[in-house]
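Working through the structure, step by step
Below, each chain spelled out in residue letters.
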Amino acid sequence: GREAILQGENSPNEEDKSLRPQSISEMVGQLEVRERLKVVVDAAVKRDEPLGHILFDGPPGLGKTTFATCIPKDLGVNFQLTSGPALQAPKDLVPYLTNADEKSILFIDEIHRLPKAVEEYLYTAMEDFRIDIVLGEGTNARTINLQIKPFTLIGATTRSGMLTAPLRDRFPLREHLDFYTHEELAEIIRRNSRKLDVTIDDDASLEISKRSRGTPRVANNRLRWIRDYVTSKADGHITLQLAQDAMAMQEIDSLGLDNQDRKYLNTIIRVFAGGPAGIEAIAHTMNAAPETLADEVEPFLLRSELLVRTPRGRMVTTKSVEHIQKMIAAKSKG
Ligand code: ADP
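Residues numbered from 1 in each chain as written. Predicted model: local features only at pLDDT ≥ 70, side-chain atom pairs only at ≥ 80, totals over all residues. Heavy atoms only, no water.

Topic: helix H3 (residues 64-75)
- For H3, which comprises 12 residues, the first-to-last C-alpha distance of 17 Å matches the rise-based estimate of 16 Å (1.5 Å per residue) to within 8%.
- For H3, a buried count of 9 out of 12 residues is recorded, marking the element as mostly surrounded by other parts of the structure.
- Buried within H3 are the following residues: Lys64, Thr65, Thr66, Phe67, Ala68, Thr69, Cys70, Ile71 and Pro72.
- Among the structural elements, helix H2 (31-47), strand S1 (54-57), strand S2 (79-83), strand S3 (105-109) and strand S6 (152-157) are those in contact with the buried residues of H3.
- A positive backbone phi angle near 70° is found at glycine 76, which sits one or two residues after H3. (Helix = DSSP H or I, 4+ residues; strand = E, 2+ residues; numbered from the N terminus. Expected span 1.5 Å × (residues − 1). Buried < 20%, exposed > 50% of the residue type's maximum accessible area, 1.4 Å probe, protein only. Contact = heavy atoms within 4.5 Å.)

In structure tokens form, the structure reads like this:
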């Protein structure tokens, strides 16, 4: 369901799965989130009740789906997965609700993209575990109110601000996932090197972590590329030098920005004199979707203080102007 233009390193893919932790104890970082989850999980198990509904929000690639898949595994309950854009009408949601076993998990990714009618249909399902279904057609149609099994909804969104208050309020536990530290990412890289059967020097894993935009999915994608690089060009062991060379070949800079990130900053600098500029105008100039920029490009730039948001639009910072100039100079030299 994501826009094609940025379908690079941020889009979930099949390959994500092989490196995905299988239980919460295998996850790195997000300590506070994990501790709060442990409390609600323990309590639900002790009371022999379904876990309360949980909402995860935060930029792509930070572990929302990983949490949602690990929780049912840890609890030993069934799991169903769907997404906001896949649920166009209440009838699309009905099979998931009627198939849900007691205490099982239903995961809805991109829950901010649920159509209004589907969202409202979800309210009574979440609250009272009851749904209305229509039987028959035309003049013979009649509505029956059906009791469903008490289940747990896990929602994930990159935009909690786009959720309506009634939906948000139906999640007793709401967790925001934040960017990871370099040390946490380096740990993920070391573990995943073992899973991918490649050896890596510590200074190399730290360097990759510094250039992974605080995001495990990005770290994994960098690692896969570097692994291919060292397999092709060297003996398969990742040293600092080889990691740097491999990332240079992909034009990933010292801050971990890629071409798309630099193009975004450079558009504001060049076309909009540094800003403020509206996201629609920036997206239009770049021929990109505004939602994609807001979801996948801006969060890390904001948090790195390369970008600021003002009431009048986006503005670059001195730090980003200096960085972009340095990159342009390096490119014209090289
Ligand atoms: P999101 O759903 O937030 O977009 P995912 O849960 O799909 O992100 O995470 C992307 C990948 O990053 C996962 O497949 C997993 O390999 C890795 N990952 C995410 N969070 C963690 C974590 N806390 N520890 C280890 N790996 C993680």
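Looking at the side chain of serine 205
- Topologically, serine 205 is positioned in helix H8 (residues 202-210).
- Overall, serine 205 belongs to the buried group, its relative accessible area being 0%.
- The residues contacting serine 205, other than those within four sequence positions of it, are Ala186, Ile189, Arg190 and Ile200.

Side note on the site of the ligand
- The ligand sits among 18 residues. The nearest are Arg20, Gly61, Thr65, Thr66 and Arg217.
- Side-chain polar atom of lysine 64 to an oxygen atom of the ligand: 2.8 Å apart, as the coordinates give it.
- Within the contact set of the ligand, an oxygen atom lies 3.1 Å away from a side-chain nitrogen or oxygen of asparagine 220.
- Contact with the protein chains covers 98% of the free accessible surface of the ligand, which is 560 Å².
- In terms of residue class, the shell around the ligand is built from 9 nonpolar, 5 polar and 4 charged. (Near = heavy atom within 4 Å. Polar contact = N/O pair within 3.5 Å; in protein donor to acceptor, adjacent residues only side chain to side chain. Areas by Shrake-Rupley, 256 points an atom, 1.4 Å probe, with all protein chains shown as cover. Nonpolar A, V, L, I, M, F, W, Y, C, P; charged D, E, K, R; others polar.)

Thoughts on the nonpolar core
- Core analysis: the biggest nonpolar cluster contains 61 residues, and Leu37, Phe56, Ile71, Ile238 and Tyr264 have the highest contact counts within it.
- When residues in this core are grouped by element, the largest group, 5 residues, is from helix H9 (residues 216-233).
- Once residues within four sequence positions are removed from consideration, tyrosine 264 is found in contact with Ile282, Met286, Leu293, Val297, Glu298, Leu301, Leu307 and Arg314. (Core = buried A, V, L, I, M, F, W, Y, C linked by side-chain atoms within 4.5 Å.)

Digging into the environment of methionine 162
- Mapped onto the secondary structure, methionine 162 falls in the loop between S6 and helix H6 (165-168).
- Taking C-alpha positions, methionine 162 is 24 Å from glutamine 80, a pair spaced 82 residues apart along the chain.

Things to note about the pattern of salt bridges
- Counting across every chain of the model gives 19 salt bridges.
- Across the salt bridge formed by arginine 113 and glutamate 110, the nearest N and O atoms sit 2.9 Å from each other.
- The exposure class assigned to arginine 113 is partly exposed, which follows from its relative accessible area of 37%.
- Overall, glutamate 110 belongs to the buried group, its relative accessible area being 13%. (Salt bridge = Lys/Arg side-chain N within 4 Å of Asp/Glu carboxyl O.)

Structural notes on the packing of H9 against helix H10 (residues 240-249)
- It is at 9 Å that the axes of H9 and H10 come closest, and there the two elements cross at 110°. The pairing of H9 with H10 is recorded here as roughly perpendicular in orientation. Where H9 approaches H10, its residues Arg222, Trp225, Ile226, Tyr229 and Val230 are matched on the opposing element by Leu242, Ala243, Asp245, Ala246, Met247 and Met249.
- The residue inventory of the contact of H9 with H10, partitioned by class, reads 9 nonpolar, no polar and 2 charged. (Axes fitted to C-alpha atoms, helices over the stretch in contact; angles between N-to-C directions. Parallel < 35°, antiparallel > 145°, perpendicular 65-115°, else oblique.)

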